[in-house]
Amino acid sequence: MTARMGPRIGHGYDLHRLEPVAPEGDGRPFILAGVTFEHRMGPVGHSDGDAVYHAVTDAVLGALGHQDIGQLFPDTDPRHEGADSRVFVEAAAQRMRDAGFAIGNLDITVICEQPKLSPAKPQMIANVAERLGCGVDRVNLKGKTHERVDAVGEGRAVEVHAVVLLEPAHEGSRRPDTPGS
Ligand SMILES: [Zn+2]
């Protein structure tokens, strides 16, 4: 990449089916942005099913024009079984720094009927900011319901959209471990 590169935008989307949490069903504990919610239902997935971290990972990878999360971390790989999804976000953040970019800002929309996200929002934002190595003022997160229609509205799925703007990193903020970037 040249020093004259401009900002880059990326979009990430993820959806996980929700099932009753084990032992009642196949659902894992309901984790969003690294926060575990007390809820009867939880995501079915190969990793821990953190739909916020997955959407954020794909937004950053998309902005970089890299392969997506499913290609980089295939769910056929037993190493990712039950994985803490922070490793995916952190891997995307490393790729971002290696390419000479930093987070401009990030806007996340979580769509689910339950549980209520508002009490956990500050922690969710802090977790995403920490994973990406940026300030909390650069991360926005909002919750919406799906008005009780379709699978999401019936509480059978959780859906997340994330949009990110990457800015060229200032020379001074480059990590010393990325020579020539
Ligand atoms: Zn996912």
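What counts as what
- Residues numbered from 1 in each chain as written.
- Predicted model: local features only at pLDDT ≥ 70, side-chain atom pairs only at ≥ 80, totals over all residues.
- Heavy atoms only, no water.
- Axes fitted to C-alpha atoms, helices over the stretch in contact; angles between N-to-C directions.
- Helix = DSSP H or I, 4+ residues; strand = E, 2+ residues; numbered from the N terminus.
- Parallel < 35°, antiparallel > 145°, perpendicular 65-115°, else oblique.
- Left-handed = near helix turned anticlockwise from the far one by under 90°.
- Contact = heavy atoms within 4.5 Å.
- Salt bridge = Lys/Arg side-chain N within 4 Å of Asp/Glu carboxyl O.
- Buried < 20%, exposed > 50% of the residue type's maximum accessible area, 1.4 Å probe, protein only.
- Donors = N, O, S within 2.8 Å, 3.2 Å for Na, K, Ca; no water.
- Pairing = 2+ DSSP bridges.

What am I meant to see in the packing of helix α1 (residues 51-64) against helix α4 (residues 121-132) here?
The contact between α1 and α4 brings their axes to 12 Å, and the two run at 40°. On the basis of the axis angle, α1 is oblique to α4. In the crossing of α1 with α4, the sense of the turn from one axis to the other is right-handed. Mapping the contact onto sequence places Val52, Tyr53, Val56 and Val60 in α1 and Met124, Asn127, Val128, Arg131 and Leu132 in α4.

Please clarify how the pattern of salt bridges should be interpreted in this entry.
Any two side chains of opposite charge can pair, so long as their charged atoms come close to each other. Tallying each qualifying case throughout the model produces 9 salt bridges. In this structure, the salt-bridge partner of Arg28 is Glu81, at a minimum N-O distance of 3.0 Å. Within this pair, whereas Arg28 is found in the loop between β1 (8-20) and β2 (30-32), its partner Glu81 is found in the loop between α2 (69-72) and α3 (86-98), the two being separated by 53 residues in sequence. On the basis of relative accessible area, Arg28 is assigned to the partly exposed category, the value being 23%. The partner of Arg86 in a salt bridge is Glu90, and the shortest N-O contact between them spans 3.3 Å. Of this pair, Arg86 and Glu90 both sit in helix α3, 4 residues apart, which is roughly one turn of that helix. Note on Arg86: relative accessible area 33%, which makes it partly exposed. The class of Glu90 is partly exposed, set by a relative accessible area of 29%.

Looking at this structure, I do not really get the coordination of the zinc ion. What am I missing?
For a metal bound by four donors in a tetrahedral arrangement, the ideal donor-metal-donor angle is 109.5 degrees, while six donors in an octahedral arrangement ideally sit at 90 or 180 degrees. Looking at the metal site, the zinc ion is ligated by Asp14 (OD), His16 (NE2) and His54 (ND1), spaced 2.0 Å from it. Here the donor residues of the zinc ion share one chain and are spaced in sequence as D-x1-H-x37-H. Taken together, the residues span a long stretch of sequence, with His16 in strand β1 and His54 in helix α1 at a distance of 38 residues.

Help me understand the pairing of strand β7 (residues 157-168), please; the structure alone is not making it clear to me.
Bridge count for β1 against β7 is 10 bridges, and the pairing is antiparallel. The residue bridging Arg17 from the neighbouring strand is Ala157, located in β7. Pairing between strand β5 (residues 101-111) and β7: 10 bridges, direction antiparallel. Looking at β7, one finds that Thr109 is bridged to His161.

Would you mind going over the sheet that holds β5 with me for this structure?
Picture the strands of a sheet paired through backbone hydrogen bonds; they go either parallel or antiparallel. Taken in spatial order, the 5 strands of this open sheet run β4-β1-β7-β5-β6, and their pairing is mixed. Of all strands in the sheet, those bounded by a partner on one side alone are β4 (41-43) and β6 (139-144). Put simply, the sheet's adjacent strands are angled 25° from each other on average, direction ignored. Bridge analysis of β5 against β6 gives 6 bridges, and the strand direction is parallel.

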